Structure formats: structure tokens, C-alpha cells
Amino acid sequence: MSTKANFKLDEIGAGKVGFPKTGEAVTNTRAIIEAAFYGNNVVKVNTLKEAYNLAKNSPGTIVTDMPVYRGEEFGLDSDAKVLLFNDGAVTGRYAQARRIKGEPGVDAGKLDKVIMDAIYKTRFKKLYHAQVFVGLDPEFMVKAHLLIPEGEENLLYNWMINFQYMSDEYVKMYKESKPVGDGKEADIYIFSDPQWAPTPSPDVDYSCLSDDRTLCYFDTNQNCAAILGMKYFGEHKKGTLTMAWAIANRNGYASCHGGQKEYTLPDGRKYVASVFGLSGSGKSTLTHAKHNNKYGEKAITVLHDDAFIINSDTCSSIALEPTYFDKTADYPTGCPDNKYLLSAQNCSATMDEEGKIQLVTEDIRNGNGRAIKSKLWSPNRVDKIDSPVNAIIWIMKDPCIPPVVKLKGAALASVMGATLATKTSTAERVKAGTDMNALRIVPYANPFRTYPLVNDYEKFKKLVEEKNVDCYIVNTGDFMGKKVQPKDTLGILESIVEGTATFQKWGPFDDIEIMDWDGFEPDLEDADYKEALKAAMMNRVDAVKGFAEKKDGYDKLPDEALEALEKLVEALK
């Protein structure tokens, strides 16, 4: 699939693809944003080599002496080095800055005026225009454009290496791909000005912002966005994925913030496991685990560890990015995995005994140090898994849930994903005083949704109900005070994949089964545990009720979702 970038004269006009109807709003976000890309102060950056040289020479860039491994394969020169750039005090995403056009309470008129004014104020700046593909298979490829000011060359470069740059191979693939939505989807356009700061201007009202310094504004119906005052690369990565996930959702795919891998077992069977969790939950660890090569060096193929989509009809899956934007906390200086780094952000640097500049990781400088790794990091990497997905695994850090349970009913399986309980990670910028250990609900581990929650609910329910996909909850945190170790989680995953896991009905629950795992036996005869479990399920009941009430019911789920959870609470009485 491909998106539409160029229009015949008779295709241009109100109500046509890429052009909303006249009178739908006082202003139109896409019309405001796209026009800026054609200004005479815009310079197009066509290749990764250009972007690399701009970033290398940008003030403040630290050019390490760490070579980019096989950089020629990614469109770089053979002597390219890992570039480090540090953003300042902000080293994580800021969800409060997000505004979604069409959601109740979002004043699009005021926001559009903010964007109009922000674009006007860049007229005396040089702006760079870059393009990438999001989606790595002819079945789903969309083109995205980024416009960003001079001085932000590292963001430009990181954006181009994180997604698929326009190599000859992928340009040809894109030209031969089928138009998304039969030609009804236009290219993605993103305007970013990290240097933006609000100043008094006629007809501009900043009360529509969460604060007076930042904005991440999406009009996903028209495939455009604006990012203002935000320097962290993760905002640009997830902002772009937000748009692509919205397009996928409209066109029959389940949009996934998680990882997926395929096992080929000794008897030739294929097993495809998808894991869903926030940063720091263990999804990358599970996705890239080689299981000590117990299945053979080439028996495991990895689709991605962060962003993919599942075709809700064929159950095949497609990766949206070629690279990996991973934390550097667990990869010390000199670690073999660092061989695959392309760039780094929010880390320190030092000089080794040979006088060479080396990266200092392990979050010594600050929390949430990050790096972009090439696809070579995963030796058996693929861009599409044709085999249908076999298992959906919701990764939670809920101390009341055993290391693994299996969900039987389709409504329960999907609503448990919609009420996925986890803890805040260092990848997120939060208000001072936020309890990082407190549980919170993040539906489907995807805080980047721009469409009603019921869309995801129905997609995942269909996979379980109609496509016979198994659904599990895996707890990677602690269970009633005892830490679930990675060896436990990996052992559980192996037993599921190999078909040796034995599940039986769990206590009074008709739709939950449990597997015995040494050292983690839940005791439903323990009144304190039973009460804690009931409270955990009531939190989910309250969350679903909240979806129906907040934002004028924008995220309301079907009654069956609430009923499935209330049935669990009733069973515990």
C-alpha cells in the first residue's frame, strides 16, 4: 500500500483526498501544515549521507570514535561514526502535550491558529524537508514528510535512520505497492519546531495547550501533525508512528505497540508470539531473546520490538520501522551489542586510553539514555511475518497477577488488553512527585492512539474470537512481593511455544486458566490476597466505566467488556 503525494488538477479541491470539505472548520490543519513545505526557505534533504553530514556539523554534536557497523548498507559512508546529541533537561515523552483533533474538549480552532502563527515565525529560518517510508512491505507502506528548522539536524538525521530512508530498493517497492485505502490516504506531513516558544500574537490563544511551552497536535483524519517546543527524539518517532497506526486502523489492521517473533520448531511447526508492553516492561527482552539457541541459530525470526501491525483478516504482520530505538541502560560501554549503534541521545561521553571518544551509557548522565540500533542487531530480522499470529501476550506489572494466566473468552481477552496495568517508565516525562511504582492503566500498552478505543477492542477481540489466537497475561514485575525473574518469564514463554504448558481452571474463574510455576502459587484461600486481587479487578471495572464517562464517552467500550470484568469480581465474592 502507498499514500498519495501528487495530485492532478482535477483531484485538487474541497472534499477530495487530502482536502477537507469547505466549511468543515474555520481553518484546516493539513492545509496550514502542508503549504509550509513549499516555502522558498525550505531545503530538501534527499539522502542519509546529506543528513549525516548536517548532523555531524551541527553545533553541540559529539562525534564519537565508534564506527557505524556496515554503514554503507544504510546509505552512509564507510567512515561514518556514531553521533551523540543531548537534548537538555527533558529526556522523555510528555503525554500531556498531546492534542488530538476530533476528541471532545480539543479546541481545533485555537490550535490551528497556534500552528499558523508558529509556521509564520519560521519564515526567517532555513527549514529542512526529509521523507521516509513507514511500513516495510508492499502490503503497507506510507510516505511521511518532516519539516524542521536549521539547528535541529540531529533530529532530522535520527528520524531518517529510525524509519526507512528512500533507498532504490524501497522506492521501487513503494512504486509497485497498492495504494492505501484505494487511494484515499494522503502522505503524512509533520511540522516540527523544537525552538518554538509562545509569544503574544493577534488572534492566538494559548489556553488550548497543556502548558505554555509545548504542543504535539495531531489531525490523523488528514494525516498531519505539528510538534512544537519538543526536543526529545521520541516525540518525533512516536508522533510519526501515531499517524501510521491511525492509517492502519482505518484500513483493517490492529495497530500494535509491542514486539513480535516467529519460532520454527524442530518438527517444522511455526509459532508466532506477539508481546505488548510499555518501555521497560520487558517486551524488547522477550522479543530478542535467543533462548540460548535451544531452537537453533536460525529458528527465531524477529519482526520488531516496538511497532508493527497485524492484518485482522490474514493475521500476517508487518514491521513499521527497520531500526530499534532502545534504552542504553543495560548496554555498558564496550558491550558487544553497541557494535550496532547508529546514533545515541542523552548519554555521556569520555575519552579512552587511546584518546578516542567513547559513549558512556548505563544512564550515568540521566535516566532514559537512548540509541538507535541498526536492523543488523537482530541477526534473523524480517519485515513481514506471513504466518498467522498464534499468541497475544499482555505484559503487565500487576503484583496480584501470577507470572502467567491464560484468558479464554474473547471479550475478556480484549478488555484485559484495554485495561493493561503497568508502571510508569523513565521513557516518560511526568509531573514532579509522580509515584513511578503506582499502577496505571494504559490500554493495549499504546498511549499513542488517536481514534476511539473501541476500534482496538474490536480488532483484538476478532483475533481471539474468529482467528483462534490464544491470549495470555504475563507479569514481569513482582507477584505479591516476589520478583518475577527474566528466567521465569522466558521459561514460561518457551513452554507455551513448545506446547508443553499445562493450564487448568483458576479457582472460581470460568474464563481464566493458570499454569503452575514453581515458587509462584497464588493462594485464593488467603483473605488478604483474595482482597487484593478483587481490588485489582475492580480497578479495571472502574477504568472501563471511566472510558464511558470521560471525554463524553469517546472511548466507551461495548457492554460485554464491562460485564466480562464484573464477572471476575463477582466470582471473588
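Relevant structure appears above.
Just so you know, these numbers come straight off a predicted model, no measurement behind them. (Residues numbered from 1 in each chain as written. Predicted model: local features only at pLDDT ≥ 70, side-chain atom pairs only at ≥ 80, totals over all residues. Heavy atoms only, no water.)

K.L.:
Explain the overall build of the chain to me, and be specific about the residues and the numbers.
P.N.:
Counting its secondary structure elements, the chain contains 12 helices and 29 strands. Scaling as 2.2 N^0.38, a compact globule of 573 residues should have a C-alpha radius of gyration of about 25 Å, and the chain matches this with 24 Å. In terms of its C-alpha atoms, the chain occupies a principal-axis envelope of roughly 70 × 65 × 50 Å. Within the span of the chain, comprising 573 residues, buried residues form 59% of the whole. Expressed as a percentage of contacts within the chain between residues at least 6 apart in sequence, the contacts between residues at least 24 apart total 75%. Accessible area of the chain: about 23,000 Å², with a carbon and sulfur share of 49%. For the chain, the separation between the mean place of its 71 positive charges and that of its 82 negative charges on side chains is 3 Å. (Helix = DSSP H or I, 4+ residues; strand = E, 2+ residues; numbered from the N terminus. Rg over C-alpha atoms; globule rule 2.2 N^0.38 Å. Buried < 20%, exposed > 50% of the residue type's maximum accessible area, 1.4 Å probe, protein only. Contact = heavy atoms within 4.5 Å. Areas by Shrake-Rupley, 256 points an atom, 1.4 Å probe, with all protein chains shown as cover. Lys, Arg positive; Asp, Glu negative; His and termini not counted. Charge placed at Lys NZ, Arg CZ, Asp CG, Glu CD.)

K.L.:
Please give an account of the side chain of Arg540 that cites residues and values.
P.N.:
Structurally, Arg540 is set in helix H11 (residues 527-549). Here Asp398 takes part through its side chain, which lies 3.1 Å from a polar atom of the side chain of Arg540. The residues contacting Arg540, other than those within four sequence positions of it, are Met396, Asp398, Ile401, Met416, Thr419, Ala421 and Leu565. (Polar contact = N/O pair within 3.5 Å; in protein donor to acceptor, adjacent residues only side chain to side chain.)

K.L.:
Summarise helix H3 (residues 108-120); cite the residues concerned and give the values.
P.N.:
Owing to its 3.6 residues per turn, the α-helix brings residues three or four apart onto one side. The end-to-end C-alpha distance of H3, which contains 13 residues, comes to 18 Å, matching closely the 18 Å that a straight helix rising 1.5 Å per residue would cover. Buried positions along H3 lie against helix H1 (29-36), strand S4 (98-100), strand S7 (188-193), strand S8 (215-219) and strand S9 (224-228). (Expected span 1.5 Å × (residues − 1).)

K.L.:
I'd love a proper account of the sheet that holds strand S6 (residues 140-149), names of residues and values included.
P.N.:
Read from one edge of the open sheet, seven strands run S1-S5-S6-S7-S9-S8-S4, paired in mixed fashion. Edge positions in the sheet fall to strand S1 (42-44) and S4, since each of these pairs with one other strand and no more. Across the sheet, the mean angle separating the axes of adjacent strands is 20° when strand polarity is ignored. The pairing of S6 with S7 spans four bridges and is classified as parallel. Across the sheet, the residue bridging to Leu146 is Ile190, located in S7. Its contacts with the sheet put helix H4 (residues 153-162) on strand S5 (127-137) and S6, and the angle it makes with S5 is roughly 20°. Across the sheet, helix H6 (residues 233-250) touches S4, S5, S6, S7, S8 and S9, and the angle it forms with S6 is around 145°. (Pairing = 2+ DSSP bridges. Axes fitted to C-alpha atoms, helices over the stretch in contact; angles between N-to-C directions.)

K.L.:
So what about the pairing of strand S22 (residues 404-407)? Which residues, and what values?
P.N.:
Burial of the side chains of S22 extends over both faces: Val404 and Lys406 are buried on one face and Val405 and Leu407 on the other. One ladder, built from four bridges, connects S22 with strand S25 (residues 470-475); its direction is antiparallel. What sits directly across from Val405, in S25, is Ile473.

K.L.:
How would you sum up unusual backbone geometry? Please name residues and give values.
P.N.:
A positive phi angle, near 65°, is found at Asp203, a position not held by glycine. Position of Asp203 relative to the elements: it lies in the loop between S7 and S8. With a phi close to 55°, Tyr444 is a non-glycine residue in the positive phi region. Tracing the sequence through the fold places Tyr444 in the loop between strand S24 (439-441) and helix H9 (453-465).

K.L.:
Explain H6 to me, and be specific about the residues and the numbers.
P.N.:
Compared with an ideal rise of 1.5 Å per residue, which puts 18 residues at 26 Å, H6 spans 26 Å between its outermost C-alpha atoms and is within 8% of the ideal. With 17 of its 18 residues buried, H6 lies for the most part within the structure. Trailing H6 by a residue or two, Gly252 shows a phi angle of about 90°, which is positive.

K.L.:
Quick one: what's the story with the pairing of S6, residue by residue and with numbers?
P.N.:
Most of S6 is tucked away, with 10 of its 10 residues classed as buried. Side-chain alternation along S6 places Phe140, Val142, Ala144, Leu146 and Ile148 on one buried face and Met141, Lys143, His145, Leu147 and Pro149 on a second face that is also buried. Hairpin connection, S5 to S6: the antiparallel pair is bridged by two residues.

K.L.:
Help me get a handle on the side chain of Glu153, residues and values and all.
P.N.:
Mapped onto the secondary structure, Glu153 falls in helix H4. It is Lys126 that comes nearest to the buried, bridge-free Glu153 among opposite-charge side chains, at 7.2 Å. Looking at Glu153, its side chain comes within polar contact range of the side chain of Ser58, at 2.7 Å. (Salt bridge = Lys/Arg side-chain N within 4 Å of Asp/Glu carboxyl O.)

K.L.:
Break down the packing of aromatic side chains for me, citing the residues and quoting the values.
P.N.:
The way to describe two aromatic rings as a pair is by their centre distance and the angle between their planes. Under the criterion given, the structure shown has 22 aromatic pairs. Pairing Phe233 with Phe325 gives two aromatic rings, centres 5.2 Å apart and planes at 85°, and the pair type is edge-to-face. Separated by 92 residues along the polypeptide, Phe233 in helix H6 and Phe325 in strand S15 (residues 324-327) bring together distant segments of the chain. For the pair Phe233 and Phe325, one class covers both residues: buried. Considering the side-chain rings of Phe479 and Tyr529, the 5.8 Å spacing of their centres and the 80° angle between planes classify their relative orientation as edge-to-face. Separated by 50 residues along the polypeptide, Phe479 in strand S26 (residues 478-479) and Tyr529 in helix H11 bring together distant segments of the chain. Neither Phe479 nor Tyr529 differs from the other in exposure class; each is buried. In textbook terms, an aromatic cluster arises when at least three aromatic residues are bridged by ring pairs, as seen for Phe276, Phe308, Trp394, Tyr444 and Phe460. (Phe/Tyr/Trp six-rings, centres within 6.5 Å; stacked < 30°, edge-to-face > 60°.)

K.L.:
Describe the sheet that holds strand S3 (residues 81-85), naming the residues involved and giving the relevant values.
P.N.:
Pairing in this open sheet of five strands is mixed, and the strands run S2-S3-S16-S19-S15 from one edge to the other. Only two strands of the sheet have a single partner each, and these edge strands are strand S2 (62-67) and S15. Ignoring which end each strand starts from, the neighbouring axes of this sheet average 25° apart. As paired strands, strand S16 (residues 341-345) and strand S19 (residues 370-373) are joined by four bridges and run antiparallel to one another. Bridging across to S19, Ala344 finds its partner in Ala371. This element, H4, spans S3, S15, S16 and S19 of the sheet and lies at about 140° to S16.

K.L.:
Run through the environment of Glu262, naming residues and quoting values.
P.N.:
Mapping Glu262 onto the fold places it in strand S10 (residues 253-264). Expressed as a C-alpha distance, the spacing of Glu262 and Asn390, which sit 128 residues apart in the sequence, is 9.5 Å. Not counting residues up to four positions away in its chain, the partners in contact with Glu262 are Lys270, Tyr271, Val272, Ala299, Ile300, Thr301, Ile385 and Ser387. Reaching out from Glu262, the side chain makes a polar contact with the side chain of Ser387 at a distance of 2.6 Å.

K.L.:
An account of a negative patch on the surface is needed here, citing residue identities and associated values.
P.N.:
A contiguous patch of negative charge, built from Asp523, Glu525, Asp526 and Asp528, is present on the exposed surface. Note on placement: Glu525 falls in the loop between strand S29 (512-514) and H11. Classification of Glu525 by relative accessible area gives exposed; the value is 74%. (Patch = residues over 30% accessible without salt bridge, like charges linked within 9 Å, V, L, I, M, F, W, Y side chains within 5 Å.)

Interpretation note: all reported values are geometric properties and have no functional meaning in isolation.
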